[in-house]
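Here are the chains, one letter per residue:
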Amino acid sequence: MPQDYTPTEKEQAFLDKVEDTQYKREIINGLAPFIGDKVPDDMRGLYSTEELVQLGGLKGTDRDVEKRMPVKITRHFFELAKTSPAIQRLVKASPDETTDLAGSEDPGNQMDYSPVEGLLHKYEMGLMYVVSTCSAHCRFCYREELIARKEVARQDGTVAKKGLAKIPEITAYIRDFNAKVAANGGVHPESGREKLREILLSGGDPMVLNNSKLAAWLAALAEAGIESIRIGTKEMAFYPKRFDPTFLAMLDDFHEAYPEVGLHMMVHFEHPDEFLAKGEDGEYLRGEHGIYQWVPDTGVAMRGLLDRGWITVENQTPIIRDINDDPDAIRIMQREMKRVGADNHYFFCGRDIVAYKAFNIPIEEAWRILNESQKGLSGVENHARLSITHYKGKTEVVAVTNEPIPGLAGSENGVVIFKLLRNAGSAPERGKVCIVGRNPDAVWFDGYDDRVLFDEAGLYEYSRVTNPSLAAT
Ligand code: SF4
């Protein structure tokens, strides 16, 4: 794999215009500043003395919460947390996180699909880890193994920390893969995948990188033939001032240089408390005609993106216990996203990360909450689907019935219907379903192991790919 990368003249001309800014996120990193009373006076109350004693007592033990998932908060998010139990639950470490450490360091065995360090290539789209941190950290993070820099076992038996993507290696892989696809009539000869046309910049949060680094990725991917780039970020909630004029100018210049490349911001709001302004009484503020008022910095940041018609903004979020397992909250969120011009993408059932039992709600409950939340939403507001990520690919929880299906033994208490939305390669099994008898306690697929009624999707008869570099060429 090449170690060097030389930008083209066009790329360099774009990169030469990029301006970086120093941001003042005022981050508190770790529990030590709280335990050692080294945080600003007004932040001291985020944790009670009792909570700090408990958390401090776990330090260095198997139940050390920071070893599982680092603790971090920005000043902006702290201000929102002051009046929001949901945000506190999202960002505050809690001793129950490590009571049961069951779960996987590599949910979905994603590393089976990593042909180059830092890239997951399972579909026609690739996901890249471009950074291993964020401005603040969510306790339920699906990337805790990356953020906490844990060692992950790979299928070839090696055990190592997940590495980050590098421009020379990734662009060489994309060019090589897509050349083979083109030479073989549009399908890769070994993996059966189509052109790698879309890349998701992920991490960690790419928006903690400076504009120059982001610009270098955007331009390099465009030059390598990527058609569509997504940036997955929670920075809109943690530090909306990051979406400042220098960032927007960089995007404008990118669009001017590469107008054919689609750009999608995948934002990540769990709860309306992260973007709606509240009054002294804790109620959301409403303006003329009862329209909700946004937190000013967040409103400006969203407008900055949405005013550029060539960028799409989509929100996606897991449904997490005690954060957003509340139909009213997520109904408001879906309404507001659509009103300002953003789309509602997926709601997720929690993944089987380490300690998932502290955060995940049962699959059937997640379906009920989303379904309930979408009652009364208009057709354009209720596009979001409930997705659970199976090893085979993204799967939709389509329906949960209360009634048995006549003639179907095992359906006496009702059924859950899953549908495969995507799977590797050209998604040959897309649209296939799996029907299981209900288990209201199931938080993961294995909760239905003993009650599979119909499985054309093969969710319960799969094995891991035998070639760890299925996508490698
Ligand atoms: S922003 Fe995303 S990657 Fe960062 S801690 Fe939260 S869930 Fe994890």
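Residues numbered from 1 in each chain as written. Predicted model: local features only at pLDDT ≥ 70, side-chain atom pairs only at ≥ 80, totals over all residues. Heavy atoms only, no water.

Student: Would you take a moment to explain the overall build of the protein for this structure?
Tutor: Counting secondary structure elements, the protein contains 14 helices and 16 strands. Its C-alpha atoms give the protein a radius of gyration of 22 Å, within 12% of the compact-globule value 23 Å for 473 residues. By principal-axis analysis of the C-alpha atoms, the protein measures approximately 65 × 65 × 55 Å. Taking contacts inside the protein between residues at least 6 apart in sequence as the whole, the part at least 24 apart equals 72%. As displayed, the protein offers around 19,400 Å² of accessible surface, 49% of which is attributable to carbon and sulfur atoms. Between the centroid of the 57 positive side chains of the protein and the centroid of its 74 negative side chains there is a distance of 1 Å. (Helix = DSSP H or I, 4+ residues; strand = E, 2+ residues; numbered from the N terminus. Rg over C-alpha atoms; globule rule 2.2 N^0.38 Å. Contact = heavy atoms within 4.5 Å. Areas by Shrake-Rupley, 256 points an atom, 1.4 Å probe, with all protein chains shown as cover. Lys, Arg positive; Asp, Glu negative; His and termini not counted. Charge placed at Lys NZ, Arg CZ, Asp CG, Glu CD.)

Student: Would you mind going over the pattern of salt bridges with me for this structure?
Tutor: Side chains that differ in sign of charge can pair as their charged atoms come close. Applying the stated criterion across every chain, the model contains 34 salt bridges. Residue Arg 44 pairs with Asp 41 through a salt bridge whose shortest N-O separation is 3.1 Å. Across the pair Lys 180 and Asp 176 runs a salt bridge whose closest N-O atoms are separated by 3.4 Å. Of this pair, Lys 180 and Asp 176 both sit in helix H8 (residues 167-183), four residues apart, which is roughly one turn of the helix. (Salt bridge = Lys/Arg side-chain N within 4 Å of Asp/Glu carboxyl O.)

Student: What's the story with the site of the ligand in this structure? I'm lost.
Tutor: Around the ligand, a shell composed of Met 69, Cys 134, His 137, Cys 138, Cys 141, Gly 204, Lys 234, Phe 238 and His 268 is seen. Classifying every residue of the shell around the ligand gives five nonpolar, three polar and one charged. (Near = heavy atom within 4 Å. Nonpolar A, V, L, I, M, F, W, Y, C, P; charged D, E, K, R; others polar.)

Student: Help me understand the side chain of Glu 270 in this model?
Tutor: Its place among the elements puts Glu 270 in the loop between strand E9 (262-267) and helix H12 (296-306). With relative accessibility at 0%, the residue Glu 270 sits in the buried group. Within the structure, Glu 270 has its side chain in polar contact with the side chain of Lys 234 (distance 2.8 Å). Of note is the side chain of Glu 270, whose polar atom sits 2.4 Å from the side chain of His 268. When near neighbours in sequence (up to four residues on either side) are disregarded, Glu 270 contacts Leu 90, Phe 140, Lys 234, Thr 317, Pro 318, Ile 323, Asn 324, Ile 330 and Met 333. (Buried < 20%, exposed > 50% of the residue type's maximum accessible area, 1.4 Å probe, protein only. Polar contact = N/O pair within 3.5 Å; in protein donor to acceptor, adjacent residues only side chain to side chain.)

Student: What am I meant to see in the sheet that holds strand E8 (residues 228-233) here?
Tutor: Strand pairing in a sheet relies on backbone hydrogen bonds. The paired strands run either parallel or antiparallel. With mixed pairing, the 12 strands of this open sheet are ordered in space as E3-E4-E7-E8-E9-E10-E11-E12-E13-E14-E15-E16. One side of each edge strand has no neighbouring strand; the edge strands of this open sheet are strand E3 (119-121) and strand E16 (452-455). Averaged over all pairs of adjacent strands, the angle between their axes in this sheet comes to 25°, without regard to strand direction. Most of the contacts of H8 go to E3, to which it runs at about 20°, and overall it touches E3, strand E4 (125-129) and strand E7 (198-202). (Pairing = 2+ DSSP bridges. Axes fitted to C-alpha atoms, helices over the stretch in contact; angles between N-to-C directions.)

Student: Looking at this structure, how should I read the pairing of E4?
Tutor: For a regular strand, side-chain orientation follows a simple rule: the groups alternate between the two sheet faces. Burial of E4 is extensive: five of the five residues sit out of reach of the surface. Residues of E4 alternate between two faces, with Met 125, Leu 127 and Tyr 129 on one and Gly 126 and Met 128 on the opposite face, all of them buried. Across three bridges, E3 lies against E4 in antiparallel orientation. Bridge pairing links Leu 120 to Leu 127 in E4. Between E3 and E4, which pair antiparallel one after the other, the connecting turn spans three residues. The sheet contact formed by E4 and E7 spans five bridges and is parallel. Residue pairing in the sheet places Leu 127 in a bridge with Leu 200 of E7.

Student: What am I meant to see in the packing of aromatic side chains here?
Tutor: Centre-to-centre distance and the angle between the planes together describe a pair of aromatic rings. Under the defined criterion, the tally for this structure stands at 18 aromatic pairs. Look at Phe 77 and Phe 238: their rings are 4.8 Å apart centre to centre, the planes differ by 90°, and that puts the pair in the edge-to-face class. Here Phe 238 lies in helix H10 (residues 235-238) and Phe 77 lies in helix H5 (residues 75-81), a separation of 161 residues in the sequence. The two residues Phe 77 and Phe 238 agree in class, both being buried. Ring plane angle 75° and centroid distance 6.4 Å describe the contact between Phe 140 and Tyr 142, whose orientation is recorded as edge-to-face. Each member of the pair, Phe 140 as well as Tyr 142, is classed as buried. Above the face of the Tyr 391 ring, Lys 122 is positioned so that its terminal group lies 5.6 Å from the ring centre. Here the basic side chain of Lys 234 rests over the ring of Phe 238, its NZ or CZ set 5.5 Å away from the ring centre. (Phe/Tyr/Trp six-rings, centres within 6.5 Å; stacked < 30°, edge-to-face > 60°. Lys NZ or Arg CZ within 6 Å of the ring centre and 35° of its normal.)

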